[in-house]
Amino acid sequence: MLKTKEFNYRQLSIEEIFELAISNDCFYMCYQPIVSSSNSQLIGFEALIRSQINDVRLRPDNLIPYLEKTGQIIELGSWILKQCLVDYKTLESYGLKDFTMSINISPVQIIDHDVTLEINDLMNELGICPKNIKLELTETALISDCNKISKTFDRLREMGIKIWLDDFGTGFASLGLLRQFKVNGIKIDKSFINNIATDNDDFTLCSAVIAMAQRLNLELIAEGVETPQQLQILNCLGCENIQGYLIDKPLTLRDVITKWAK
Ligand code: C2E
Ligand code: CA
Ligand code: CA
């Protein structure tokens, strides 16, 4: 897999391992199903990057912040967008119809780069309907450059793309920011779902977030759902869509085709 034959990762710093992954193109995308909480019908997938050098897996939550710091997320982000949209077309060719693709976007891709142009070109080139594409940004990302992000969201919305707020409840997003950025949906963070069946405070918090989203006409996904009890509670509270190991782990494209394309 690697060009460097004598590579021994134990002698390298984490940064050197990241650089090695970049120079050797050790990236691929996985896709985690998102389903309806009431009937488990497939809604779409969240695209999650994976990176492996020999037997070493690099965690995306370490890798992405490193790439954001060095600016390399712009190049990798472009590769991610293209790969996700090409894979979207492949899944369509295997019979999956009208499903959504949620793609994680770093604020650096918006602030230091024109992501709208890039997405527009890809959509036209591949013939993908924009209403099926969701971009996920963490709520902390919104406060990095409010003006630029807000303008970019406006353009993306005009193009028909949906904007989602990731990890809702863990950052600093206020209700005012939700209104200012006119997001289409929010993802309730896994940390609130973990104890929803056992902790009264987490249950109350989740029900309040779900009620708020319903009143504001926002779509909802609960992430990190691992047990049937969590699913049942979320369904009763009116959270329409869920994602988590209970349904499936992030899968390679091949496994998505085998398990989800009929
Ligand atoms: P995220 O966007 O909040 O993604 C959800 C994370 O939760 C993923 O971790 C997923 O594998 C994990 N997950 C999903 N269901 C369950 C569950 O039931 N139980 C548990 N324990 N975990 C679950 P992953 O893939 O390690 O990604 C971590 C973070 O790295 C992501 O958090 C996202 O912030 C970032 N990331 C991943 N892929 C990309 C990407 O393509 N672009 C960008 N910019 N960031 C990415
Ligand atoms: Ca996400
Ligand atoms: Ca999340």
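Quick look at the structure, then. Here the structure is a predicted model, which means the values were calculated and not measured. (Residues numbered from 1 in each chain as written. Chains lettered and ligands numbered in written order. Predicted model: local features only at pLDDT ≥ 70, side-chain atom pairs only at ≥ 80, totals over all residues. Heavy atoms only, no water.)

## Things to note about helix H2 (residues 60-70)
By the burial criterion, the buried members of H2 are Leu 63, Tyr 66 and Leu 67. In a view along the axis of H2, the buried residues occupy a sector of 95°, so they form one face of it. For H2, the secondary structure elements touched by its buried residues are helix H1 (14-23), strand S1 (27-36), strand S2 (42-53) and helix H3 (73-93). Following H2 by one or two positions, Gly 71 adopts a phi angle in the positive range, close to 85°. (Buried < 20%, exposed > 50% of the residue type's maximum accessible area, 1.4 Å probe, protein only. Helix = DSSP H or I, 4+ residues; strand = E, 2+ residues; numbered from the N terminus. Arc of directions from axis to C-beta. Contact = heavy atoms within 4.5 Å.)

## Things to note about the environment of Ile 257
By the element assignment, Ile 257 lies in helix H12 (residues 253-260). Judged by its relative accessible area of 9%, Ile 257 is buried. A sequence separation of 96 residues divides Ile 257 from Ile 161, and the C-alpha atoms of the two residues are 25 Å apart. Among residues more than four places away in sequence, those in contact with Ile 257 are Thr 90, Leu 91 and Tyr 94.

## Some points on the layout of surface pockets
Space inside the largest pocket adds up to approximately 1400 Å³. Forming the boundary of the largest pocket are 44 residues, of which Glu 46, Leu 48, Pro 60, Asp 61 and Asn 104 lie nearest the centre. At the level of secondary structure, the elements contributing two or more residues to the lining of the largest pocket comprise S1, S2, H2, H3, helix H4 (107-111), strand S5 (133-138), helix H6 (139-142) and strand S6 (162-168). Residue contributions to the lining of the largest pocket peak at 7 residues, all from S2. Considering only residue class, the lining of the largest pocket consists of 19 nonpolar, 11 polar and 14 charged. In this structure, the second largest pocket spans a volume of roughly 200 Å³. (1 Å grid on protein atoms, 1.4 Å probe; cavity = no way out; pocket = protein on both sides within 12 Å on 5 of 7 lines; lining within 4 Å. Points joined across faces, edges and corners; volume = space filled by probe spheres on them. Nonpolar A, V, L, I, M, F, W, Y, C, P; charged D, E, K, R; others polar.)

## As for the coordination of the calcium ion (ligand 3)
Surrounding the calcium ion (ligand 3) are the protein donor atoms Asp 166 (OD), Asp 167 (OD), Glu 223 (OE) and Glu 223 (OE), at 2.1 to 2.6 Å. Going along the chain, you hit the donors of the calcium ion (ligand 3) in the pattern D-D-x55-E. Separation of the calcium ion (ligand 3) from the calcium ion (ligand 2) amounts to 4.0 Å, with Asp 166 serving as a shared donor to the pair. The exposure class of Asp 166 is buried, given its relative accessible area of 7%. (Donors = N, O, S within 2.8 Å, 3.2 Å for Na, K, Ca; no water.)

## As for the site of ligand 1
Taken together, the neighbourhood of ligand 1 is formed by 22 residues, with Arg 50, Asp 166, Lys 190, Glu 226 and Tyr 245 sitting nearest. Gln 32 is positioned such that a nitrogen or oxygen atom in its side chain is 3.0 Å from a nitrogen atom of ligand 1. For ligand 1, a nitrogen atom lies 2.5 Å from a polar atom in the side chain of Glu 226. Across the complex, the protein chains shield 82% of the 800 Å² of accessible surface that ligand 1 would expose by itself. Judged by the proximity of its atoms to the pocket grid, ligand 1 belongs to the largest pocket. Of all the secondary-structure elements, those providing two or more residues to the shell around ligand 1 are S1, S2, H2 and S6. With 4 residues, S2 is the largest single contributor of residues to the shell around ligand 1. Its residues assigned to classes, the shell around ligand 1 comprises 9 nonpolar, 5 polar and 8 charged. (Near = heavy atom within 4 Å. Polar contact = N/O pair within 3.5 Å; in protein donor to acceptor, adjacent residues only side chain to side chain. Areas by Shrake-Rupley, 256 points an atom, 1.4 Å probe, with all protein chains shown as cover. Sits in = over half its atoms within 2 Å of the grid points.)

## Here's the deal with the pattern of salt bridges
Tallied over the full model, the rule gives 10 salt bridges. Notably, a salt bridge pairs Lys 131 with Asp 98, separated by 2.9 Å at the nearest N-O pair. Here Lys 131, found in the loop between helix H5 (115-126) and S5, pairs with Asp 98, found in the loop between H3 and strand S4 (100-104); they are 33 residues apart in sequence, far enough to count as distant. Residue classification places Lys 131 among the partly exposed positions, given a relative accessible area of 40%. One salt bridge in this structure joins Glu 226 and Lys 190, with 3.8 Å as the shortest N-O distance. Separated by 36 residues along the polypeptide, Glu 226 in the loop between strand S8 (219-223) and helix H11 (228-237) and Lys 190 in helix H9 (residues 190-193) bring together distant segments of the chain. Taken together, the shared-partner salt bridges connect Glu 46, Glu 136, Lys 187 and Glu 223 into one network. (Salt bridge = Lys/Arg side-chain N within 4 Å of Asp/Glu carboxyl O.)

## Thoughts on the nonpolar core
Ranked by internal contacts, the top residues of the largest apolar core, which has 80 residues, are Ile 133 and Ile 186. Sorting elements by how many residues they give to this core places H3 first, with 9 residues. (Core = buried A, V, L, I, M, F, W, Y, C linked by side-chain atoms within 4.5 Å.)

## Topic: the pairing of S8
Where burial is concerned, most of S8 is hidden: 4 out of the 5 residues are buried. Across 4 bridges, strand S7 (residues 185-188) lies against S8 in parallel orientation. Pairing of Gly 185 across the sheet is with Glu 219, part of S8. Bridging between S8 and strand S9 (residues 241-243) involves 3 bridges; their strand directions are parallel. Paired with Ala 222 across the two strands is Ile 242, which belongs to S9. Regarding topology, H11 serves as the crossover connection from S8 to the parallel S9, and that connection is right-handed. (Pairing = 2+ DSSP bridges. Right-handed = clockwise from strand over helix to strand, strands pointing away.)

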